[in-house]
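The residues making up each chain are set out below.
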Protein chains: 2
Amino acid sequence: MKSGTDLAATELFAGLGDPVLESMNFLNQIAERYPEAVSFAAGRPTEAFFDVGSITRYLDRYHAYLRDERSMSPARISRALFQYGNTKGLINDLIATHLSTDEDIRADPESVVVTVGCQEAMLLVLRAFRRDERDVALAVSPTYVGLTGAARLVDMPVVPVAGGPDGIDLDVLAETIRRVRQEGRRPRLCYVMPDFANPSGLSIDVSVRRRLLDLAAAEDVLLLEDNPYGLFNDGGPRPPTLKALDRNRTVIYLGSFAKTVFPGARVGYVVADQRVATADGFSVRLADELAKVKSMVTVNTSPFTQAMIGGALLENEFSLARANRREHDLYRSNLAEVGSGLRARLERAGLSGLVQVNAPSGGFFLVVTLPVPVGNEMLEHSARTHQVIWTPMAHFYESSEPTRELRLSISTLTPQTIEQGLDRLVRMIGEQVSARVAVA
Amino acid sequence: MKSGTDLAATELFAGLGDPVLESMNFLNQIAERYPEAVSFAAGRPTEAFFDVGSITRYLDRYHAYLRDERSMSPARISRALFQYGNTKGLINDLIATHLSTDEDIRADPESVVVTVGCQEAMLLVLRAFRRDERDVALAVSPTYVGLTGAARLVDMPVVPVAGGPDGIDLDVLAETIRRVRQEGRRPRLCYVMPDFANPSGLSIDVSVRRRLLDLAAAEDVLLLEDNPYGLFNDGGPRPPTLKALDRNRTVIYLGSFAKTVFPGARVGYVVADQRVATADGFSVRLADELAKVKSMVTVNTSPFTQAMIGGALLENEFSLARANRREHDLYRSNLAEVGSGLRARLERAGLSGLVQVNAPSGGFFLVVTLPVPVGNEMLEHSARTHQVIWTPMAHFYESSEPTRELRLSISTLTPQTIEQGLDRLVRMIGEQVSARVAVA
């Protein structure tokens, strides 16, 4: 062991050296080291409408709700805010009303567990379903790293299911379930982001959603639906979520307020209305089983942060679609500008035959495919030499092989940074492609 | 499987049926079912000084600190509060100053990870040290259930080390380490609460603390020190924490603001200044490794809740001893009243020879030993028939055998509830003891 050290990395959890956990670190470090670079990397929401005044406004609004609509005494209100609270949450009723208002999802508040961001919700679900080494999670690939990372913490393998151009390939899913079972393993859940997925930007068609539900029910595999970006569409009607279509309790629904209220609240939730048969012949809610896990992870979600989210829901009559009109317009405009601006520049640079850009109709992300491998070295070069950063798609695959894709995020850009960033990006791409062509 | 259910408990994480997770549920249910009972069960802080006005006062204070002392622009401040933040935390510097002020602990802010309550801190540490099935945690027994529960989630066995009357028995500890190694297992950490432990109420003498540090360093077992109650002593000088005495980075220190500011913030922290040797010859901070785990548990601790704690620290010039003068007096008085009131009543009832009451000099808890087994049935009877609740100590032991002890918590009582509760408790004890004596 190196002198001056106290323990060796080889004595610690092997997952700490896992590419998934390392990749978050690497990407954050690049962003920190090149603060002047235009960033197409950040998956965070816009800061354009953050308003410090909203904190006390939301808290006051929730306080008034407890006092006037729930008839709580001052002592009960201060207990609700300051004291330890119910592990399942404080604002479950308000979240259920929001889900009915914005998503046409009918959720019993008792099926909701309020979590410290959606990340904790993923961890709770994966921990609950990981019984032994035979249990595996399936995940539409490429996959959000938060899911993969949480699975690492509970030692649950993630088996990728190639998403393909439709967001999910049901034949591949059926075949994967079969293969996993043949290996003596149990596919328990399939993680899927049907709306503007991170990182692919793709959405799943309604008819495919229905067939996915049927397949999952038939195969006895639960769907773990994650929906952080659904509201940010092209302005047309939104397709129903899997949970809104779910008639057989096939879907566990993950929700986040990070993109629709603000990330700093660290409030998310899970709707788990499945019934669990106990050994002694009773049945309990899956949500209550998840709460048992939560009691040993974070005890309960801060009632202050829940109060802020509750206040935001009350102020907007439970509609986050309504609350996010400005954000919606900004993201929609940014996505259109980045897509069209990138295509125009590639055209002018004579690269349009070599470089593909996908065309999501909403969300935060689009994917660019180059004719050359795209990895961390290219990102580092891009940041240092061209002052533009983005995310190598390799970080979102289970295999560590480089891919030819990079992910662009549009959420924190302005018209100025879009123009400047795309100029730099296309210069970098041109340089990389011609270097390869010259070598070849 | 029971009809109308979707899955069987036997398909889920076996820990969900573990007595540790069930016991929390059972104890909460008793408290909910008998709201009129006098509760000696709750480990929560007093609600006597909760002040809704403190929320905005603390937030404003932290906001002014960022603006005036850290010279942050309004845009940077709102980003710090609303956006995703550093996984290790936002108020690490303020926590380090507090540790130096109140505890004489010199902590580099970079060695601090701010967590969602101390519970998350335990989970991060145990996950990081659980490499494979050979790794075990030692814990002074009886043990706080949060530690045992977190260990269950990461499949890490907890080996009890009988605490005995001195709070820890070093011979037993040395022998346990030897035995665990002989079994081919690795004792990685020993969990210990040296000040007014939950549940025993016992504290460890300074000379024993020093020898414990020496033993742990010699045996290459880290100490996981938890200190939620240290401030609430008898008014005399406080002994140094293990971390304050630590010269060899033998101690990982767990901190909580749940009892010293308020539980609803859900803010705790861990000081992990150990250096980890990496495979490629570098060394990294253990705190940074813990942050990698945290990034997949909760991403980061809510900056709003950190701001509240930060504001409380600033308002009190970093001294929570100073901030908690009223609480300190209340707990000290309650502990004395419960101890002396109980002894006097036992005396009057002719039970003082049969029933022992320990005499902690601070903290929230004391332990009563009966001449008969004390279990959940007795608690349920006590709640229903005598309207008084408390905690069977059996919940704090790895073995499921009943013990003869019960834990009393003094933190939420008033002079009135103390008198009333002790009357009921002694009536219940008298009934139980004489029933046994009659049978025998």
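Residues numbered from 1 in each chain as written. Chains lettered and ligands numbered in written order. Predicted model: local features only at pLDDT ≥ 70, side-chain atom pairs only at ≥ 80, totals over all residues. Heavy atoms only, no water.

## Quick look at the pattern of salt bridges
- Evaluation of the coordinates by the stated rule reveals 64 salt bridges over all chains.
- When the shortest N-O distance is used, the salt bridge between arginine 249 of chain B and aspartate 6 of chain A registers 2.7 Å. Remark: aspartate 6 of chain A occurs in the segment before β1 (7-8) and arginine 249 of chain B occurs in the loop between α9 (242-245) and β8 (251-256); the pair is interchain, linking two chains.
- A salt bridge links aspartate 135 of chain B to arginine 188 of chain B; the nearest nitrogen and oxygen atoms lie 3.0 Å apart. Residue aspartate 135 of chain B is located in strand β4 (residues 135-141), and its partner arginine 188 of chain B is located in strand β6 (residues 186-192); the two are separated by 53 residues in the primary sequence.
- Through salt bridges with shared partners, a single network forms among Lys88, Asp108, Glu110, Arg285 and Asp288 of chain A. (Salt bridge = Lys/Arg side-chain N within 4 Å of Asp/Glu carboxyl O. Helix = DSSP H or I, 4+ residues; strand = E, 2+ residues; numbered from the N terminus.)

## Some points on the relation of the copies chain A and chain B
- If you rotate chain A by 180° and push it 0.0 Å along the axis, it lands on chain B with an RMSD of 0.0 Å. Such a combination of turn and shift is consistent with a two-fold rotation axis.
- Both copies present the same face, since 100% of the interface residues in chain A are matched by interface residues at the equivalent positions in chain B. (Least-squares fit on C-alpha atoms with pLDDT ≥ 70 in both. Contact = heavy atoms within 4.5 Å.)

## Quick word on the domain arrangement of chain A
All names here are of chain A.
- The domains assigned to chain A are domain 1 (11-40 + 325-439) and domain 2 (55-322).
- The C-alpha-based centres of domain 1 and domain 2 are spaced at 28 Å.
- Every contact between the two is made by 24 residues of domain 1 and, on the other side, 27 residues of domain 2.
- Buried surface at the junction of domain 1 and domain 2, summed over both partners, amounts to about 2,200 Å²; 63% is from carbon and sulfur atoms.
- Note that arginine 152 and aspartate 18 form a salt bridge whose closest N and O atoms lie 2.6 Å from each other.
- Scanning the region where domain 1 abuts domain 2 turns up nine residue pairs in polar contact (both at pLDDT 80 or more).
- Of all the secondary-structure elements, those providing two or more residues to the side of domain 1 that touches domain 2 are α1 (19-33), α13 (325-348) and β13 (365-374).
- Here the element with the most residues in the side of domain 1 that touches domain 2 is α13; it accounts for five residues. (Domains from an automatic or database assignment. Buried area = accessible area lost by both parts, 1.4 Å probe. Polar contact = N/O pair within 3.5 Å; in protein donor to acceptor, adjacent residues only side chain to side chain.)

## A word on the nonpolar core
- Counting 256 residues, the largest nonpolar core has Phe129, Trp390 and Leu408 of chain A together with Phe129, Ile252, Trp390 and Leu408 of chain B as its most contacted members.
- In contact with phenylalanine 129 of chain A, not counting residues within four places along its chain, are Asp135, Met156, Arg188, Leu189, Leu222, Ile252 and Leu286 of chain A together with Leu7, Glu11 and Leu12 of chain B. (Core = buried A, V, L, I, M, F, W, Y, C linked by side-chain atoms within 4.5 Å. Buried < 20%, exposed > 50% of the residue type's maximum accessible area, 1.4 Å probe, protein only.)

## Structural notes on the pairing of strand β7 (residues 222-226) of chain A
Residue and element names in this part refer to chain A.
- Among the five residues that make up β7, five are buried, leaving the element largely enclosed by the rest of the structure.
- Pairing geometry for strand β6 (residues 186-192) and β7, over four bridges, is parallel. Note on β7: the bridge partner recorded for valine 192 is glutamate 225.
- As for the winding sense of the linkage, the β-α-β connection from β6 through helix α8 (residues 206-219) to β7 is right-handed. (Pairing = 2+ DSSP bridges. Right-handed = clockwise from strand over helix to strand, strands pointing away.)

## Description of the sheet that holds strand β7 (residues 222-226) of chain B
All names here are of chain B.
- Taken in spatial order, the seven strands make up an open sheet running β3-β9-β8-β7-β6-β4-β5, and their pairing is mixed. Taken across any chain shown, the strands that pair with only one partner, and hence form the sheet edges, are β3 (112-115) and β5 (158-162). Pairs of neighbouring strands in the sheet enclose a mean axial angle of 20°, with direction left out of account.
- Two elements, β4 and β6, share five bridges in a ladder whose sense is parallel. What sits directly across from valine 136, in β6, is proline 187.
- Sheet contacts for helix α7 (residues 170-182): β4, β5 and β6; angle to β5, the most-contacted strand, approximately 150°.
- Where helix α10 (residues 286-295) meets the sheet, its contacts fall on β3, β8 and β9 (268-271), and the angle it forms with β3 comes to roughly 25°. (Axes fitted to C-alpha atoms, helices over the stretch in contact; angles between N-to-C directions.)

## Some remarks on the packing of helix α5 (residues 117-129) of chain B against helix α6 (residues 145-153) of chain B
All names here are of chain B.
- Remark: α5 packs on α6, axes separated minimally by 9 Å, with the N-to-C direction vectors making an angle of 45°. When the interaxial angle is binned, α5 and α6 end up oblique. Here α5 runs over α6; the crossing is right-handed. When α5 is examined against α6, the residues Gln119, Met122, Leu123 and Leu126 are found in contact with a partner set consisting of Gly146, Leu147, Ala150, Ala151 and Leu153. (Parallel < 35°, antiparallel > 145°, perpendicular 65-115°, else oblique. Left-handed = near helix turned anticlockwise from the far one by under 90°.)

## Thoughts on helix α3 (residues 74-82) of chain B
- When we look at burial in α3 of chain B, the residues that qualify are Ile77, Ser78, Ala80, Leu81 and Phe82 of chain B.
- For α3 of chain B, the secondary structure elements touched by its buried residues are α2 (53-69) of chain A together with α2 (53-69) and α11 (303-315) of chain B.

## As for the side chain of aspartate 135 of chain B
Residues and elements named next belong to chain B.
- Looking at aspartate 135, the relative accessible area reads 0%, which means it is buried.
- A distance of 2.7 Å separates a polar atom in the side chain of aspartate 135 from the backbone nitrogen of arginine 131.
- Engagement of the side chain of aspartate 135 in a polar contact is seen with the backbone nitrogen of aspartate 132, the distance being 2.8 Å.
- Once you skip the residues sitting within four places of it in the chain, aspartate 135 turns out to touch Phe129, Arg130, Met156, Pro157, Arg186 and Arg188.

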